[in-house]
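The chain contents come next:
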Amino acid sequence: HFEPQSGWTPGWSFCVGLLQAAYATSSTGMIISMCEEVQEPSTQVPKAMVATILINLGAGLMFLLPLLFVIPDLATLAALASGQPVPTIIATAVGSPGGAIGLLIPLMVLGLICGIGCTTAASRCVWAFSRDGAIPGSKWWKQVNNTTALEGVPLNAMMLSMVVQILLAVIYFGSVAAYNAFSGVGVICLTVSYAIPIATNLFTGRKHVKGADFSLGPLGLFCNIVALAWSCLAVPLFCMPTTIPVTATLMNYASVVFAAFIIIAGVWYVVWGQKNYQGPPTHEDTILEARGSISEARRHSKVA
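Criteria and cut-off values
Residues numbered from 1 in each chain as written. Predicted model: local features only at pLDDT ≥ 70, side-chain atom pairs only at ≥ 80, totals over all residues. Heavy atoms only, no water. Phe/Tyr/Trp six-rings, centres within 6.5 Å; stacked < 30°, edge-to-face > 60°. Buried < 20%, exposed > 50% of the residue type's maximum accessible area, 1.4 Å probe, protein only. Core = buried A, V, L, I, M, F, W, Y, C linked by side-chain atoms within 4.5 Å. Helix = DSSP H or I, 4+ residues; strand = E, 2+ residues; numbered from the N terminus. Salt bridge = Lys/Arg side-chain N within 4 Å of Asp/Glu carboxyl O.

Visitor: Can you walk me through the packing of aromatic side chains in this structure?
Guide: Remark: the centre distance and the inter-plane angle together describe each pair of aromatic rings, the angle taken between the planes. Evaluation of the coordinates by the stated rule reveals five aromatic pairs. On the basis of an interplanar angle of 65° and a centroid distance of 6.5 Å, the ring pair of Trp8 and Trp12 is categorised as edge-to-face. Judged by its relative accessible area of 27%, Trp12 falls in the partly exposed class. For the pair Trp230 and Phe238, a centre-to-centre distance of 6.2 Å together with 70° between the ring planes defines the contact as edge-to-face. Taken together through their ring pairs, the aromatic side chains of Tyr172, Phe173 and Tyr179 make up a single cluster.

Shown next, in the form of structure tokens:
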């Protein structure tokens, strides 16, 4: 049954609560960002993406089901100033602050690992766009470290990612509503970034994945449709305020941040991108470039 504490009707309250579950799907994005550092990415990356969903499903159920059996009064949890019910649930269940801290240590370790993973993935995205000249200051961010300790690591891109994350975290101390807006828009942007290639693939008859090394066959078509249906629900859903009636501090400003991002990105593309940005190099580009180099070498050889 439903016991909504937000003011929304039970069914819609459940849907609004899906925002937290949507963060689990961002793990697939972390894997995609590491494609260029994986051997046999055409098969290994899809396997890792599918495995991630299965691991999240199993680990999530193992963690959430025990909490549901020991959950205290919901009104008490909803009224917590911290907005973090898990520590209170565990502390109430074990009856000991020390025991609660001990049980929370794995969560804190997972949070640390997640932060490292997000920073790593973000740095690779920054590096990839910088390599293709899509970001201001690309000549600095596309550099790869050549020192022994950090050989092959895009250190500059990683430092940029870290600075941006710190600046976003600082927002929390000034305005919780602003911080929540940036946090929520992260899920919206990830959802849109996933939906665009899926939609392109679906509306072109999935011709680009025919004969791929990792293919789901007819199941892939079904997955594409479900993914787009979820995206169409998720984007407006995550722009909704979490509680009603809505006040200035409780308003969800994610839509404002998302619209501002789209405007800035659109202007940047019109002013600079459409003339200079060619997109990432594809396998075909690499082959053509190699053939061009061979032809040029042969031409010089004949001249000599």
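After that view of the structure, there is still more to cover.
Visitor: Got a minute to help me understand the nonpolar core in this structure?
Guide: Buried together is how nonpolar side chains tend to be arranged in soluble globular proteins. Grouped together as the largest cluster of nonpolar side chains are 16 residues, with contacts concentrated most on Val185, Val187, Ile188, Leu237 and Phe238. Listing elements by their share of this core, those giving two or more residues are helix H1 (10-16), helix H2 (18-22), helix H10 (176-203), helix H11 (218-237) and helix H12 (254-276). Sorting elements by how many residues they give to this core places H10 first, with four residues. The next biggest cluster of nonpolar side chains, apart from the first, holds six residues, and it includes Leu67, Ile89, Ala100 and Leu104.

Visitor: Is there a simple way to explain the pattern of salt bridges in this structure?
Guide: It is possible for side chains bearing opposite charge to pair when their charged atoms get close. Applying the stated criterion across every chain, the model contains one salt bridge. A salt bridge links Arg131 to Asp132, with the nearest nitrogen and oxygen atoms 3.0 Å apart. Its relative accessible area of 14% is what places Asp132 among the buried residues.

Functional significance is not addressed by these values, which are geometric in nature.
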